[in-house]
Amino acid sequence: MTPETGPRRWEAGTAPVAVVMISFDEAHNMAEVLDNIAGWAQEVFLVDSYSRDATVDIALARGVTVVQRAFQGFGDQWNFAVRELPITASWTMKLDPDERLTPELKASIERAIAGDAHAALILQRRLWFMGRPLSIRQDILRLWRTGSCRFADVAVNEHPLVEGPALRLEGDLEHHDSPSLHHWVDKQNRYTTAEAIAGARNHDLSVQPRLFGSALERRMWLKRAYWRAPFRHQAMYLFCLFGQGAWRSGPAGFIWARLRVTVFRMIEDKRREMDWRGEIQSLPPLVRGAPHPGALQADTTGPAMTDAGCRPCAE
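Residues numbered from 1 in each chain as written. Predicted model: local features only at pLDDT ≥ 70, side-chain atom pairs only at ≥ 80, totals over all residues. Heavy atoms only, no water.

(A) Examining the pattern of salt bridges more closely. Under the defined criterion, the tally for this structure stands at 17 salt bridges. Here E84 and R83 are joined by a salt bridge, their closest N and O atoms 3.3 Å apart. A salt bridge links R168 to D139; the nearest nitrogen and oxygen atoms lie 2.9 Å apart. Of this pair, R168 sits in strand β10 (residues 166–176) while D139 sits in strand β7 (residues 132–145), and the two are 29 residues apart along the sequence. Taking relative accessible area as the criterion, D139 reaches 44% and is therefore assigned partly exposed. Sharing partners across several salt bridges, the network here consists of K94, D96, E99, R125 and R142. (Salt bridge = Lys/Arg side-chain N within 4 Å of Asp/Glu carboxyl O. Helix = DSSP H or I, 4+ residues; strand = E, 2+ residues; numbered from the N terminus. Buried < 20%, exposed > 50% of the residue type's maximum accessible area, 1.4 Å probe, protein only.)

Printed below as a string of structure tokens:
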């Protein structure tokens, strides 16, 4: 391609941050999330699992570097992203297409990076559900110095693993979970099957569970202990309502708490079904779209990336 007819490039913003996303059929989110980080992120990368909708078209039109790669699991996809993408920014941020940064959070990130005293940054993610904000915030590690992160090789619930001190920032990362309840239920059906399979196969958790370890190690300990606890689902409902404060959000909060318990019940019941049948089910494969001619193509058996099966990638 000549420069005149070549793909559009992302216009570098004010923050030395490479935003990385993974996607499958995220056209309903892609324009809004890219508008949210336009003028702020230095560069943006998308690892797409062969979407069937306009996800890649929207990303390419905004100047995003898009790589398509068959999905093998969340940990596997993210390890490919942090290991193989041609990131030049000094910091890398994991972002989901349904998340938005508030202006306060963007400013907090830039101040923390300028301070140059930490290895990673922890954000407060605020949940939105059924189009309404909930009074629930979760601490999640989402930024790190480029090249310093790896992910546990897990099928679901992947976590970035970074050595060194992490700073907790002010400002919200808004999580707009699903455009409709129908979409949310479809997504949870697949997620709970994956979790049940992982449990049936005794897959490792993201880190070694420890009650008196780090926040992530403690979270993994609680996750493992949950399935042995009596009255666990009733306790989960009360924790969502009062421990996390969902009751303050009115009807949306009560619905969210009830459905969170439903998710845990689905995992348990699907695992029980596998035990009764004496076989571990397989997760139905994603119905993939065709490779996009404007995206780089990655081979899951190696690091090579090519332009839609043509010439080798320049990076």
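(B) Quick look at helix α7 (residues 232–243). The terminal C-alpha atoms of α7, which comprises twelve residues, lie only 14 Å apart, well short of the 16 Å expected from a rise of 1.5 Å per residue. Residues R232, H233, M236, C240 and L241 constitute the buried set of α7. Just downstream of α7, G245 is the residue with a positive phi angle, here 80 degrees. (Expected span 1.5 Å × (residues − 1).)

(C) Broad picture of the confidence of the model for the chain. Averaged over every residue, the pLDDT of the chain is 88; the share at 70 or more is 88%. Across residues 308–315, confidence stays below pLDDT 50; counting only partners more than four residues off in sequence or on other chains, it has 13 contacts. (pLDDT = per-residue confidence, 0-100. Contact = heavy atoms within 4.5 Å.)

(D) Layout of the pairing of strand β6 (residues 120–129). Of all the ten residues making up β6, seven are buried; the element is thus mostly covered by neighbouring parts of the structure. Here β6 pairs with β7 via nine bridges, running antiparallel. Following the sheet pairing, R126 is matched in β7 by R137. From the end of β6 to the start of β7, which pair antiparallel, there are two residues, and M130 there has a positive phi angle of about 55 degrees. (Pairing = 2+ DSSP bridges.)

(E) Focus on the packing of aromatic side chains. In total, this model carries seven aromatic pairs according to the counting rule given. With centroids separated by 5.6 Å and ring planes inclined at 80 degrees, the aromatic side chains of F129 and W184 adopt a geometry described as edge-to-face. Of this pair, F129 sits in strand β6 while W184 sits in helix α5 (residues 181–200); the two residues are 55 residues apart in sequence, bridging distant segments of the chain. Assigned by exposure class, F129 and W184 land together as buried. An angle of 55 degrees between the planes, with centres 4.9 Å apart, marks the rings of Y226 and F264 as tilted. Separated by 38 residues along the polypeptide, Y226 in helix α6 (residues 215–226) and F264 in helix α8 (residues 251–277) bring together distant segments of the chain. Of the two residues, Y226 and F264, both sit in the buried class. (Phe/Tyr/Trp six-rings, centres within 6.5 Å; stacked < 30°, edge-to-face > 60°.)

(F) Highlighting the environment of W227. With respect to the helices and strands, the residue W227 is situated in the loop between α6 and α7. Taking the relative accessible area as the measure of exposure, W227 reaches 30% and is therefore partly exposed. Along the sequence, W227 and F264 sit 37 residues apart, while their C-alpha atoms lie 9.3 Å from each other. Dropping the residues within four chain positions of it, W227 is found in contact with R232, F264, I267 and E268.

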